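As a plain string of letters, each chain reads:
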Amino acid sequence: MPAAGDARHEVVVVGSVNADLVIGVERRPGPGETVLGSDLAVYPGGKGANQAVAAARLGGRVAILARIGDDGNGALLRSALADAGVDLGHLLRTPGPSGVALITVDPDGDNSIIVSPGANRRLLPSDVPPARPLLEGASVVSFQLEIPLETVHAAARTAADAGARVVLNLSPPAPLPDDLLALCDPLVVNEHEAAFLLGRQGRGDGPAGLAERLLARGPRSVVITLGGDGALAADASGTASVPAPRVEAVDTTGAGDAFTAALCLRLARGDALADAARHAVRVGAAAVRAPGAQSSYPYERDPLPG
C-alpha cells in the first residue's frame, strides 16, 4: 500500500452514480394504496458518488470509476461530483439513462429506496484494465454493490494486487464469493446485511456475535453500523464498540455512505480501524441533520456533533 500522503489518491471509489428522486410522506403506502406526498426533489446520489463526494468534502484526494448516462440526470451528476472536487478522469458516459433511486422519507427521517441501475449496470469488468493506474495509485479503494458483482470482483483484485486497501460495503446485500470476502479490510455492513450474509448462522446474535461470525468467513476486518447506536469495529486486534452522538434525524438518506467515506479517508491516512470508526460515526451523525444525501454532507471545516 502507498504510504499515507504518498498515494496519488487517498480514496478511489468504484461504484454507482444515481439521481435521487425524493418524496416526503406521512406514511409509506401499503399494497394497492395511494398516499399523497411532498413536492418531488431531485438530488445527486448513488452510493458510489455519495462516498466520493463525502470524502472529497472532508478534504480527501478522491477519484471515482463509474458510469453515467447521456441524459439530463447524467449532466447533473457529473456537475455535482466536479463541484465537490472529485477526479472525473474515469467517470465514463454510456448511451441511455443514468441510474435513478426512488426514495420516500417519513416524518422520522427513515427512508425506503428503489434503485433503477441504468448506466451503473454497464460498468463492466472490461472497464477495469484501463483504470489499472487509477487503482494502483490509491491508498484505499471503496466498493458497494449497486454495480455488477463481477466488476467489483475484478477491480478489487486489481486494487489488492497493487497493495491498496479494499473496503466493501455490502449494500444492497448479495452473496459474496470467498475470495472477494478475503480481500475486504474492512467489510462494512449493517445488522440486516450481516444477517443476510450469515444466513441461519447469524440469527439471534448481537453485533459482537455477528462480527465474530463474519470474521470467521474470511474478511480481514469488519465494521457493523448500528444507526443511532454507532458502530462496532472488529479485526485481529479485538472488537471496539463506538457510540454515536445523539442528533435529531431529519433524513437518513446517504448517512451510511458518509460513514463509509469518512472511514475510508481516515484509514487512508493511517488511522487504526477503531479510531477511523470513531470519526466516521460523527460524520454519519452530521449527515442525518439535513435533507438529501450529498447536500447534507459536512465539509472539512464544519464542526461535527459529539
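In what follows, the structure referred to is the one given above.
Just so we're clear, the structure is a prediction, and the values are computed from it rather than from any experiment.

Colleague: Please explain the environment of valine 281 as it appears in this structure.
Modeller: Relative to the elements of secondary structure, valine 281 occurs in helix α9 (residues 273-287). Distance from valine 281 to glycine 228, taken between C-alpha atoms, is 8.9 Å for residues 53 residues apart in sequence. Residue contacts for valine 281: discarding those within four places in its chain leaves Gly230, Ala231, Val242, Pro243, Ala244, Pro245 and Phe259.

Colleague: For this particular structure, what's the right way to read the packing of aromatic side chains?
Modeller: Any two aromatic rings considered together are summarised by their centre-to-centre distance and by the angle between their planes. Counted under the stated rule, the structure contains zero aromatic pairs. Just above the ring of tyrosine 299 sits the side chain of arginine 301; from NZ or CZ to the centre is 4.6 Å.

Colleague: What exactly am I supposed to notice about the nonpolar core here?
Modeller: Side chains of nonpolar character tend, in soluble globular proteins, to be buried together. Ranked by size, the top nonpolar core spans 51 residues in total, and within it Val17, Ile64, Leu81, Val86, Val223, Phe259 and Leu263 carry the most contacts. Mapped onto this core, the elements with two or more residues apiece are β1 (9-14), α1 (47-57), β4 (62-69), α2 (72-84), β5 (87-94), β12 (231-235), α8 (255-268) and α9. Among the elements that line this core, the one with the most residues is α8, at ten residues.

Colleague: What should I look at first to understand a nonpolar patch on the surface in this one?
Modeller: A contiguous nonpolar patch, built from Ile23, Leu40, Val42 and Leu76 and spanning about 310 Å² of accessible area, is present on the exposed surface. Note on isoleucine 23: relative accessible area 30%, which makes it partly exposed.

Colleague: Got a minute to help me understand the sheet that holds strand β6 (residues 99-105) in this structure?
Modeller: Two modes of strand pairing occur in sheets, parallel and antiparallel, and in both the strands are linked by backbone hydrogen bonds. Read from one edge of the open sheet, four strands run β3-β2-β6-β7, paired in mixed fashion. The strands lining the two open edges of the sheet, one partner per strand, are β3 (41-45) and β7 (111-116). Averaged over all pairs of adjacent strands, the angle between strand axes in this sheet comes to 25°, irrespective of strand direction. For strand β2 (residues 18-24) and β6, the ladder comprises seven bridges, and the chain directions are parallel. Directly across from valine 22, in β6, lies its bridge partner isoleucine 103. Helix-sheet contacts for α2 involve β2, β3 and β6, and the interaxial angle to β3 is about 55°.

The rules behind the values
Residues numbered from 1 in each chain as written. Predicted model: local features only at pLDDT ≥ 70, side-chain atom pairs only at ≥ 80, totals over all residues. Heavy atoms only, no water. Helix = DSSP H or I, 4+ residues; strand = E, 2+ residues; numbered from the N terminus. Contact = heavy atoms within 4.5 Å. Phe/Tyr/Trp six-rings, centres within 6.5 Å; stacked < 30°, edge-to-face > 60°. Lys NZ or Arg CZ within 6 Å of the ring centre and 35° of its normal. Core = buried A, V, L, I, M, F, W, Y, C linked by side-chain atoms within 4.5 Å. Buried < 20%, exposed > 50% of the residue type's maximum accessible area, 1.4 Å probe, protein only. Patch = residues over 30% accessible without salt bridge, like charges linked within 9 Å, V, L, I, M, F, W, Y side chains within 5 Å. Areas by Shrake-Rupley, 256 points an atom, 1.4 Å probe, with all protein chains shown as cover. Salt bridge = Lys/Arg side-chain N within 4 Å of Asp/Glu carboxyl O. Pairing = 2+ DSSP bridges. Axes fitted to C-alpha atoms, helices over the stretch in contact; angles between N-to-C directions.

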